[in-house]
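Report on the structure
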Amino acid sequence: MPAPLLFDINLQTCPDAWLFGHWRQRRRGPGGATVFNLATDLTLDASGELHVVGPDLSASGTWAVTRDPRLGRPYLTLRLPQEQTRALVTRLQRTPDGQAATLTLYFEAGVEVVLDWVP
């Protein structure tokens, strides 16, 4: 089965709802061993609940979207009992029908993580 055709989304105007859902880590850049860059799965609920799962890891917390006041770039504020961080959304790609998506986050720790949406 060929990979779906994904289109880049304008992050300044994309609805926050397009960030909701279950995301699975495809690729992680080099960097520190924080909860967020070691996680294999990340769920961003519409209610603001956050669930993180990975090897020997299962945690819940909260998340929120904030936007840069000048450029409107979205940042995720991610809070777990053991860690809090922000991540800049650097890229969001989706199929026209919304059935596939890829999210790229750049964390404060200097780690880039690429996530695939899990339907």
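Residue indices begin from 1 for each chain and proceed along its sequence in written order. Reporting of local features is limited, given that this is a predicted model, to residues whose pLDDT is at least 70; pairs of side-chain atoms are given and counted only at 80 or more, and all residues count toward the totals for whole chains, interfaces and linings. The basis for every side-chain value is the complete set of heavy atoms in the structure, and neither hydrogens nor water enter the calculation.

**Here we look at the environment of Leu115**
Worth spelling out the cut-off: Starting at the N terminus, helices and strands are each numbered in turn, a helix being any DSSP run of H or I of at least four residues and a strand any DSSP run of E of at least two. Three exposure classes are used, based on accessible area relative to the maximum for each residue type with a 1.4 Å probe and protein chains only: buried under 20%, partly exposed in between, and exposed over 50%. A contact between two residues is defined here by any heavy atoms of the two lying within 4.5 Å.
Position of Leu115 relative to the elements: it lies in strand β9 (residues 112–118). Judged by relative accessible area, Leu115 falls into the buried class, the value being 4%. Sequence separation between Leu115 and Arg24 is 91 residues, and the spatial gap between their C-alpha atoms is 5.2 Å. Discounting residues that sit within four places of it in the chain, Leu115 has contacts with Trp23, Arg24, Gln25, Arg26, Leu42, Ala101, Thr102, Leu103 and Leu105.

**Comments concerning the pattern of salt bridges**
This is how it is decided: Salt bridge criterion: a side-chain nitrogen from Lys or Arg within 4 Å of a carboxyl oxygen from Asp or Glu.
Counted according to the given criterion, the structure contains 6 salt bridges. For Asp116, the salt bridge identified is with Arg26, shortest N-O distance 2.8 Å. Here the residue Asp116 occupies a position in strand β9, and Arg26 occupies one in strand β2 (residues 21–28), the gap between them amounting to 90 residues. Asp116 sits in the partly exposed class, given a relative accessible area of 24%. When the shortest N-O distance is used, the salt bridge between Asp68 and Arg73 registers 3.0 Å. Relative accessible area serves as the criterion here: at 16%, Asp68 is assigned to the buried category.

**Observations regarding unusual backbone geometry**
One non-glycine residue with positive phi stands out, namely Asp56, at about 55°. Tracing the sequence through the fold places Asp56 in the loop between β4 (49–54) and β5 (57–67). Given a relative accessible area of 87%, Asp56 falls into the exposed group.

**Notes on the nonpolar core**
The tendency in soluble globular proteins is for nonpolar side chains to be buried as a group. Counted only if it meets this: We define the nonpolar core as a collection of buried residues of types Ala, Val, Leu, Ile, Met, Phe, Trp, Tyr and Cys that are connected through side-chain atoms lying within 4.5 Å of one another.
Of all hydrophobic cores here, the largest spans 27 residues; its most connected members are Leu50 and Val52. When residues of this core are traced back to their parent elements, those giving at least two are α1 (35–38), β3 (41–44), β4, β5, β6 (74–80), β7 (83–94), β8 (101–107) and β9. Sort the elements by how many residues they give to this core and β8 lands first, with 4 residues. Apart from residues lying up to four places away in sequence, Leu50 is in contact with Phe36, Leu42, Thr43, Leu44, Ala59, Ser60, Gly61, Thr62, Trp63, Leu78, Arg79 and Leu80.

**Comments concerning the pairing of β9**
Consecutive side chains of a regular strand alternate in pointing toward one face of the sheet and then the other. What counts here: Paired strands, as defined in this entry, are two strands with at least two bridges between them according to DSSP.
Two elements, β2 and β9, share 6 bridges in a ladder whose sense is antiparallel. Residue Trp23 lies in a different strand from β9, and its bridge partner there is Trp117. The sheet contact formed by β8 and β9 spans 5 bridges and is antiparallel. Looking at the pairing, Leu103 lines up with Leu115 of β9.

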